[in-house]
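Survey of secondary and tertiary structure
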Amino acid sequence: MANHVNPGVLPTDDFRRVKTPTRISWGAIFAGVVIAIAIQLVLGILGTGIGLSLVDPVEGTTPGATGFGIGAGIYWIITTIIALGAGGYAAARGAGVHDRFDGLIHGLVVWGVTLILTMYLLTSAVGGIIGGAFRTVGSVASAAGTGIGAAAPKVADVANVDVTDVRAEAAQYLSDAPSDPAQMTPEQAQKEIAKELPALAKGGQDGAQAESRIVDIVAAQRKISRPEAQAQVTRAKAQFVQTKNKTIETAKSATDTAAGAAAGTSFMIVIALLIGAAAAGFGATTAARRRVYTDAV
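Anyway, here's the lowdown on the structure attached to this text. (Residues numbered from 1 in each chain as written. Predicted model: local features only at pLDDT ≥ 70, side-chain atom pairs only at ≥ 80, totals over all residues. Heavy atoms only, no water.)

It is worth spelling out the overall build of the chain at this point. In terms of helices and strands, the chain carries 9 helices and 0 strands. Within the span of the chain, comprising 297 residues, buried residues form 20% of the whole. Of all intrachain contacts in the chain linking residues separated by at least 6 positions in sequence, the fraction that spans at least 24 positions is 61%. Here the chain has roughly 20400 Å² of accessible surface; of this, 66% comes from carbon and sulfur atoms. (Helix = DSSP H or I, 4+ residues; strand = E, 2+ residues; numbered from the N terminus. Buried < 20%, exposed > 50% of the residue type's maximum accessible area, 1.4 Å probe, protein only. Contact = heavy atoms within 4.5 Å. Areas by Shrake-Rupley, 256 points an atom, 1.4 Å probe, with all protein chains shown as cover.)

The next point concerns helix α8 (residues 204-222). Side chains that are three or four residues apart share a direction in an α-helix, a result of its 3.6 residues per turn. Relative to the 27 Å expected for 19 residues at 1.5 Å per residue, α8 spans 27 Å between its end C-alpha atoms, a close match to the ideal helical length. Count one or two residues on from α8 and you reach K223, which has phi positive near 55°. (Expected span 1.5 Å × (residues − 1).)

Let us look at a nonpolar patch on the surface. A surface patch of nonpolar side chains, about 370 Å² in accessible area, is lined by I70, I74, I78 and I82. Along the polypeptide, I70 turns up in helix α3 (residues 65-95). A relative accessible area of 52% means that I70 is categorised as exposed. (Patch = residues over 30% accessible without salt bridge, like charges linked within 9 Å, V, L, I, M, F, W, Y side chains within 5 Å. Salt bridge = Lys/Arg side-chain N within 4 Å of Asp/Glu carboxyl O.)

As a further point, take the pattern of salt bridges. Enumeration according to the criterion identifies 4 salt bridges in this entry. Two residues, E192 and R213, come together in a salt bridge whose shortest N-O distance is 3.5 Å. Here E192 is found in helix α7 (residues 186-202), whereas its partner R213 is found in helix α8, with 21 residues between them in sequence. Measuring nitrogen to oxygen at the nearest pair gives 3.2 Å for the salt bridge that ties E211 to K237. On the criterion of sequence distance, the pair formed by E211 in helix α8 and K237 in helix α9 (residues 226-296) is long-range, its members being 26 residues apart.

On to unusual backbone geometry, then. Of all residues except glycine, most have a negative phi; of all peptide bonds, most are trans. The backbone phi angle of K223 is positive, close to 55°, even though this residue is not glycine. Counting through the fold element by element, K223 comes out in the loop between α8 and α9.

Bringing the packing of α7 against α8 into the picture now. Close contact between α7 and α8 brings their axes to 7 Å; oriented N to C, the two are set at 155°. With respect to α8, the element α7 is oriented roughly antiparallel. As α7 runs across α8, the sense of the crossing is left-handed. Along the contact surface, α7 presents P186, A189, E192, I193, E196, L197, A199, L200 and K202, while α8 presents G204, D206, G207, A210, E211, R213, I214, I217, V218 and Q221. Residues of the contact of α7 with α8, tallied by class, amount to 10 nonpolar, 3 polar and 6 charged. (Axes fitted to C-alpha atoms, helices over the stretch in contact; angles between N-to-C directions. Parallel < 35°, antiparallel > 145°, perpendicular 65-115°, else oblique. Left-handed = near helix turned anticlockwise from the far one by under 90°. Nonpolar A, V, L, I, M, F, W, Y, C, P; charged D, E, K, R; others polar.)

This part is about the side chain of T80. With respect to the secondary-structure elements, T80 resides in helix α3. We classify T80 as buried; its relative accessible area is 10%. Each residue touching T80, except ones within four places of it in the same chain, is listed here: Q40, G85 and G276.

In terms of nonpolar packing, the biggest core is built from 8 residues, these being L200, A210, I214, V215, V218, A219, A229 and V233. Elements represented by at least two residues in this core include exactly α8 and α9. Sorting elements by how many residues they give to this core places α8 first, with 5 residues. Ignoring any residue separated from it by four or fewer positions in sequence, one finds A210 in contact with E196, A199 and L200. (Core = buried A, V, L, I, M, F, W, Y, C linked by side-chain atoms within 4.5 Å.)

Keep in mind these numbers describe shape, not what the thing actually does.
Below, the structure is given as structure tokens:
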């Protein structure tokens, strides 16, 4: 008896050979990423040209830094929406997706790959330049922390300065001054006071000795009594402490302001990135809806 096969049902072997279509097309995603980055670069160059055209130092009509910053941020968000929207749309259309969810996945993958690639390009180019600068500064700092004898050759090597010149200059700064303040020249007195200031700042017994030495030098140089010199040194110390405290407070305030600005910038970048993801997803789902509508017609 002949076997009859239902025309609507595939045999078991044929059913196993049916291949499930791939839901993600990486070729289409790559094309979308290329389009997104290209559009972003073109619009970025255009924005740079627009910004430079607003600079007019002769007439004094150049916008302030705040205006530039706000305008640049808004322009960056707009260009991100355009670039990622176009990239997501191109990826979904190129993949030929029919389902809105598949289109959304293509758009989000375009956004993610574009973000990762952009961050890689920034860290490999700009980060390399900044890293080289910090390595140079680190070499100088490391050399300065190893003592005068060992540091001088290293610092000189970094700065391309002859070691002999460095030692000769150091010898001039550390030249012996007369122990009697009355026999010092004004230059020698200034150098001697400068040499005692670190010990004075530390305080304690060494600070008291340094202060006494400075008082003797001031009294001898200005030809005033020691109590008068002591009063002048005390006033100078008080003014120095006040200035130092004011500088510290200003630095703290500036640091707090900078930290607040950095936090605000971070939040704005996150919002802009989320907007970019939404734009890529919207562009891709639009392409999917368009495809479904075309097929239906």
